[in-house]
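Tertiary structure, described
Each chain, written out:
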Amino acid sequence: MKDIDFKLNSTDIHPNTEIKGVISVSYPGRYDGVVINTQISDSNEHIIYKSYNGKNISQNVSRLFINKDVMPDNTAEFTALIQFEPKQEHEIKFRASIIEQHKEIESQIIFAKYSV
């Protein structure tokens, strides 16, 4: 069994549609938290994370770290948006990683499609 399980509500994403994700950690050792990195292919645009575990994020962040201390049952839920209007279809790479002392322990990648 993997130490991290990462799911998105949909891998077919459209402008200004809320993206929801869930990360579950079953890593038996100590860890600091999880980080979510996203890359939109053929674009300089970013995803904007809006909340995690029900807590709103006040500034726009394109990389989200969630501390283990705010992960009840070692689970994190987040919401995000992509706001730009795509002129073509883009592939989005979501990577969720377990972090321990600034090192990545394990990660999972999900690919999604972004279009109008």
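What counts and what doesn't
Residues numbered from 1 in each chain as written. Predicted model: local features only at pLDDT ≥ 70, side-chain atom pairs only at ≥ 80, totals over all residues. Heavy atoms only, no water. Buried < 20%, exposed > 50% of the residue type's maximum accessible area, 1.4 Å probe, protein only. Helix = DSSP H or I, 4+ residues; strand = E, 2+ residues; numbered from the N terminus. Pairing = 2+ DSSP bridges. Axes fitted to C-alpha atoms, helices over the stretch in contact; angles between N-to-C directions. Salt bridge = Lys/Arg side-chain N within 4 Å of Asp/Glu carboxyl O.

The subject of this paragraph is the pairing of strand E1 (residues 4–8). Because side chains alternate across E1, one face comprises the buried residues Ile-4, Phe-6 and Leu-8, and the other comprises Asp-5 and Lys-7, none of which is buried. Pairing geometry for E1 and strand E3 (residues 19–25), over 5 bridges, is antiparallel. Pairing of Phe-6 across the sheet is with Ile-23, part of E3.

So, about the sheet that holds strand E8 (residues 75–81). Strand order in the open sheet formed by 5 strands is E1-E3-E8-E5-E6, and the pairing between neighbours is antiparallel. Where the open sheet ends on each side, the last strands, each with one partner, are E1 and strand E6 (55–61). Each neighbouring strand pair of the sheet contributes to a mean axis angle of 20°, computed without reference to strand direction. Pairing between strand E5 (residues 48–52) and E6: 3 bridges, direction antiparallel.

Here we take up the pattern of salt bridges. Considering all chains together, one arrives at 5 salt bridges under this definition. Note that Asp-5 is salt-bridged to Lys-7, the shortest N-O span being 2.6 Å. According to the relative accessible area criterion, Asp-5 is partly exposed, its value standing at 27%. A salt bridge links Arg-95 to Glu-104, with the nearest nitrogen and oxygen atoms 2.6 Å apart.

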